[in-house]
Every structure is written in C-alpha cells, then in structure tokens.
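# Topology and contacts: notes
In case you want the letters, here they are:
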Protein chains: 2
Amino acid sequence: MFVEQRHELILREVRERGSVRLAELAESLGVSMVTLRRDVEHLAGRGLVHRVHGGITLPEPAQESTPRETMTIGMLVPAATYYYPNVIRGARERAAELGARLVLGVSRYDEAEERMQVKQLINGGVDGLLLTLTRQPDASHAEWLSGIGVPAVLVERKAELGGAASLLDAVASDHPHGAFLGVRHLAELGHRRVAMVTRVSPTAPRIREGFLAAVRAFGLDDPGELAIDQDGPTDAQAGAVVEAIRGGVTGLLVHNDEDALLLVQHLRVAGVRLPDEVSIVAYDDEVAALSDPPLTAVAPPKAAVGRHAVDLLVRRIQEGSSMPGQHLALLPELRVRDSSIAHE
Amino acid sequence: MFVEQRHELILREVRERGSVRLAELAESLGVSMVTLRRDVEHLAGRGLVHRVHGGITLPEPAQESTPRETMTIGMLVPAATYYYPNVIRGARERAAELGARLVLGVSRYDEAEERMQVKQLINGGVDGLLLTLTRQPDASHAEWLSGIGVPAVLVERKAELGGAASLLDAVASDHPHGAFLGVRHLAELGHRRVAMVTRVSPTAPRIREGFLAAVRAFGLDDPGELAIDQDGPTDAQAGAVVEAIRGGVTGLLVHNDEDALLLVQHLRVAGVRLPDEVSIVAYDDEVAALSDPPLTAVAPPKAAVGRHAVDLLVRRIQEGSSMPGQHLALLPELRVRDSSIAHE
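Please read all numbers here as calculations on a predicted model, not as lab measurements.

Conventions and cut-offs
- Residues numbered from 1 in each chain as written.
- Chains lettered and ligands numbered in written order.
- Predicted model: local features only at pLDDT ≥ 70, side-chain atom pairs only at ≥ 80, totals over all residues.
- Heavy atoms only, no water.
- Buried < 20%, exposed > 50% of the residue type's maximum accessible area, 1.4 Å probe, protein only.
- Helix = DSSP H or I, 4+ residues; strand = E, 2+ residues; numbered from the N terminus.
- Pairing = 2+ DSSP bridges.
- Contact = heavy atoms within 4.5 Å.
- Domains from an automatic or database assignment.
- UniProt positions renumbered as here; feature names shortened; annotations may be inferred.
- Salt bridge = Lys/Arg side-chain N within 4 Å of Asp/Glu carboxyl O.
- Phe/Tyr/Trp six-rings, centres within 6.5 Å; stacked < 30°, edge-to-face > 60°.
- Lys NZ or Arg CZ within 6 Å of the ring centre and 35° of its normal.
- Expected span 1.5 Å × (residues − 1).

Another aspect to go through is the pairing of strand β8 (residues 169-173) of chain B. Within a regular strand, side chains alternate between the sheet's two faces. Residues and elements named next belong to chain B. A large share of β8 lies buried, amounting to five of its five residues. The sheet contact formed by strand β7 (residues 152-155) and β8 spans three bridges and is parallel. Looking across to β8, one finds that V155 is bridged to V171. The pairing of β8 with strand β14 (residues 326-330) spans four bridges and is classified as parallel. Counterpart to S173 in the pairing with β14 is L330.

Written as structure tokens, this is what we have:
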C-alpha cells in the first residue's frame, strides 16, 4: 500500500468517526506505528487532521475556499523587444497549459514606471507576480517588496544574500555558468588573451563573475574589460576593441549579442579579419545566428525560465508558505557557430 | 482540499466512469480549471490517466499492464544517523507518491566506499541517482561522474562554478542564507561580537560565506572562528570558546547542533551562564530543541530537499536532456527558542 492510499484511508476513518486512536488505526491498516506516525505527521502538517494524545481528530473547521474561475498572473518585464520575448513566450505557454491568464506590464527600465505598473497589476486583481526588476534588488526595494501583498517570483534577477528580496522565490538563468562556458570554449581553442566586452546592465556583474572564474580556472592572461554604451558601441569604444586586438587579444566574450553584431560591422570596417584575427563568443543568442559569419553564442534558457517561474508562482499561490523559499538557477548552453576557431 | 486528496478523487472518478470531462470534474470537485489541469498533467505524466480533448480517460490497457514501480532510484548519503534521515524521509515519501522505488546506500564519509556503493546501485539497475558526495565535488570527480551513465542529482552539495559536477542537476539547502539568518538574529538582538564555532565538514565553507556576509552587512566586530573536532569539542576547544566569551564575545553561531549541545555542557561546567553571558544559535536543528535551555536554531529544509531531489530526478529520467540543467536552492528558516536574548 502506498502513501497516498494510506493517507486517504486514514482521512476516511477520521472523517467517519470524528476521532481515532493511533493503536487501533495501525492495526486496522496493518502498518507499523512508525509508518502511521509519519503519515499522521504529514497529514497534520497539512492541516488535514489534528493530533491529540494517542490519537487524531478532525481539524477545526477551516475557512471555506471559494472555487475560482481562473487564476491571473501579472508579469513585469523591463523590455518586450530584446531577450524577454522568449521568457514571456515560455511563461505564456505554461500559463496556457495551466489555464491561467497572464497579464503583461513593461517598465522600459524606468523605476517609477515599474512601481506604477505593479500597482496597476495588483489593482487589476492578479493572484501573483513575476517580477523582473529594472535593476538587481537591494535594500531600497525592501519596503516596497514587503508591501506588495501577493506572492511574487523574481525572474532573471539575483537577490543579494540575506537582502530584502532573498526571501522571494526566484528563477534565473545561471549567467556565471554561461559566461564560464563561453570562455572555456575559447580557452580550449587555444586562446590565452581573452577580453570581455560588456554594456552596463543588471546582468553584467553576473557575467563578469563567470568570466573571471574561467580566466582563473584556465590560467589565462590578465584580461581586459571593454565597455559599451547602452546604445551600442561608439566609434571610440569599437576603436578600443580594435586596439586590444592589435595588442594581442585573440578572443572576445561580448555581452549582449546585439552589440556583438554591431561590433562585427565596426571590426570589418577597421579591416580586422573574422574569425582569423579574433574569435568572438556572443552572450544571449538573440540575433547571433544572423550575423555574417554566424556567431558562436551562449544561450540562456529563456523560455524555460518563463515556464518554471509560472510553475513556481502557481504552486506558491496554491500552497502558501508551507513550502520553503526556492531559488532555481537554470543552466545556459553554448551554441558553436563560425566565429570561433583554434588559435594558432 | 489538498493535492493528494484531489488526485485520489480524480482517479476514483475516472476509474468508475471510464472517462470524465474536465469541466464536470472541476465543478464536482469545486476547484478551478487551473488547479485541475495541473493535477491532470501530474497524473498523466505518471501514466495514471490519459488525456483526450476536454477530458481524461483510463490509460490504454497496454500502459495499464506495465507495472508502475519500474522506476528505481538509488540514493547515496554519507550518513544515515545525523541530518540525512530527514532528507531520506522526504525522498522516500515523494518516491512513494510517484510509485518509484528508493534504494539507499551509505558511504560513511569514505570515498572508496562511496564509489563502491554507486557501482553496486548501478549494477542493481537503478534508473537514476541522488548523490550526496562525501565532500564537495571538484576536478578529481570529473572522470568518475562523467562515466556514471545514469542521470544523477547532487543533493546538499554545491558544484564549483564551471566544474565537472556543475552540469549535474542539484538540490540543496541554501546554507549561506541560513547562516545569514542566524547572525542577523543575533545582530538584531544587539550582539556586536559574534563568533562562528564550526567543525570541518563539506558544509562549513558555505556556512562561513553566510556568516561573513552578515558580519559585513551589520557592521559587526571582526569575528573569530573557533574550530571543533569531528568527534565534538575537546576540552581545549571548549576552553577556547570560554576564553572568547570572557574576552567579550556575546553571540555564537555553532555548526553543527550536536556540537552545540556538547558545548553547552562544557560552558555550564565552566560556569558560563546561558543565555545571560552568551547567546547561542545552533545550525542544523537536529537536536537543538532538546537542549536545556532549548537552543535557537537554523533549520535547513531537509525533507523538502529530499522531495525536490526525487521530483527533479524523475523528470530528468523522463525528459532527458531536453530541459536545461537545474540548480535548486531551498531556504532554511530560523527557529527562535530560549538560548538567544537581547544583549544589554
């Protein structure tokens, strides 16, 4: 007899008789007291029975749960044109499978807009929120987050250890792992001088973490880091990359891969031969395959992040605080294309 | 109504009637379609029902005749007397709910024994493994892990970024978070000099990480760290703790909590008054409640770790590499008892 069956029989017994002694129950079910106590603990933990000395009773009448027509999930993303369309697609698919409704808000990386959108979603009656904040959550978010009033899952954001947001459930791509994969690929191809090219973004520190870990792990030369503006590489920034290549850098990890495309155009104009003079690994894999040559890229599991975030939120809405907080990291994968070759 | 009851009622209904429409089922159970679809997906994934348009039927006879307990999960733990009994309980319960068989191996923190046990489990035909290695996985595990040949989930172990084991699925308590909670509790009570007392274990570095993060976050005085032997505190080690207290330390985070119990006895003999002279937070919450006074303790979600590890392994066995690797961290909670009081 399996656990579920036993639980069902125990519940039936206590429902019919109001209260049951454990010794009798063990005998009638033909199980040991150890097994029975474990079952009772399980059922009591879920509020299905109430423990009294030597036995169990029905729990006090709980609040009536009214059946709901549908569950509504609010989803706030900073942008709906880059990266997030795939996260949204995953969330939308999973919500549809579960018959839940997904309502989207976009903050356009504006914090005032973000709080306004969340307020509107909550006033609209969402049962829970998927939150991709405009920046990594810190102490300044504490009061706001604690007052939201519905369950929330952080998406593609990493709460500071012990910080205000660390008690929230979270689902995110493991970007340090992804960056590590990209640099390892270049190291295995024989590249010793690898630089990271990155724009300012909430994700950049996490990519840097993986980049530096790989540089250490494979004993690469002290790396440079080259900055890129929010609007893509300026002429001066692209010039700095060309200079680095002329100075001996043979591998680049470029975040994000829209920038990688623009950078490739700059490099071509400057006469840098790809991939002969420099190997490139793009990060994000949004448009990397469309470059000429198609770019090797690290692909975060965006749709899976969306799917798992919906799963976790629905479970949290249904089960409340009875389950421990969860932080789920999903591993990116490397997609090797034509922009990375062995260093002679 | 809780998950298990619903599943049982759904199965009963479909067994009695052969097929049921989802809309009717939702109404008769008084649950939302969202909840029902999730239940049906769960049951269908386990071959207990078959989905048809708008409803469910009994599975095909061919599937029905296939025994459900064909899946066998091997579980290797370093010890079955401390901490792991609760992880095992969670795993066992979840395996039983899913109709899988769980086979246990114990390595007794011996690496040769560990490899032997894994070999035996694999030769015995397990479909997947839950692995709590005797120490944190590193490069020395790479070859062995890659040759195991069945899906494996790391349990209560943290793979190094980009290391051999980092591609494995993993489920673990978030020990840095737990240690942070313990130190924050002491800081909020006004303690400024807090020391960590720890034994050598695979978990110690993760607890140290959370301890140091909290010391930084709350601007506590530079902390000491006091070591404890594998067999509990020696007289000299307990003496060092007493000395630290005489020297102004007013708070202790003690890992593990069996050691905390022994330490409390040493302190009492030395004339240290608890909790007046020193507040103690134990880590693990195995026996902390049994101390006199009952010890405040950080409780990792052990059973939930076991449950989620089984869930993840079963999904991985069923879905193969189509889903991205997952690293799940579950948050510990703080249980405040009588060993921690405000510092005057």
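This part covers the side chain of A:T203. As for its position among the elements, A:T203 is in the loop between β9 (194-199) and α8 (204-217). With residues near it in sequence (within four places) discarded, A:T203 still touches A:R157, A:H175 and A:H255.

Bringing the domain arrangement of chain A into the picture now. As assigned here, chain A comprises domain 1 (3-57), domain 2 (72-173 + 303-330) and domain 3 (175-300). Computed from C-alpha atoms alone, the centre-to-centre distance between domain 1 of chain A and domain 3 of chain A is 61 Å.

So, about the pairing of strand β13 (residues 296-299) of chain A. Residues and elements named next belong to chain A. The alternating pattern of β13 places T296 and V298 and A297 and A299 on opposite faces, both of which are buried. Judged from the three bridges that link them, β13 and strand β15 (residues 333-335) form a sheet pairing that is antiparallel. Looking at the pairing, V298 lines up with L334 of β15.

Below, the discussion takes up the UniProt feature "domain: HTH deoR-type" (unreviewed entry) in chain A. Feature annotation in UniProt assigns "domain: HTH deoR-type" (unreviewed entry) to the following positions: residues 3-58 of chain A. Annotation note: span residues 3-58 of chain A, helix share 64%, strand share 16%, distance between end C-alpha atoms 19 Å.

Turning our attention to the pattern of salt bridges. For the structure shown, the criterion picks out 40 salt bridges over all chains. Put simply, B:E41 and A:R94 hold a salt bridge, and the shortest N to O gap is 2.7 Å. Taken together, the residues B:E41 in helix α3 (residues 33-45) and A:R94 in helix α4 (residues 84-97) connect one chain to another. With a shortest N-O distance of 3.2 Å, B:E333 and B:R335 are connected by a salt bridge. Of the residues examined, B:E333 reaches a relative accessible area of 43% and is grouped as partly exposed.

Let us now look at the packing of aromatic side chains. Taken as a whole, this structure holds four aromatic pairs over all chains when the rule is applied. The ring of A:Y83 carries A:K302 above its face, with NZ or CZ at 5.2 Å from the centroid.

Time to look at α3(B). Its 13 residues give α3(B) an end-to-end C-alpha distance of 18 Å, which sits within 8% of 18 Å, the value for a rise of 1.5 Å per residue. Taken as a whole, α3(B) has its buried residues at B:V34, B:T35, B:L36, B:R38, B:D39, B:V40, B:H42, B:L43 and B:A44. Among the structural elements, α11 (302-319) of chain A together with α1 (3-17), α2 (22-29), β2 (50-52), β3 (55-57) and α5 (84-97) of chain B are those in contact with the buried residues of α3(B). Two residues or fewer after α3(B) comes B:G47, characterised by a positive phi angle close to 75°.

On to α1(B), then. Residues and elements named next belong to chain B. With 15 residues, α1 should reach 21 Å at 1.5 Å per residue; the first-to-last C-alpha distance of 21 Å fits that figure. Restricting attention to buried positions, one finds in α1 the residues E4, Q5, R6, H7, E8, I10, L11 and V14. The first or second residue beyond α1 is G18, which carries a positive phi of 85°.

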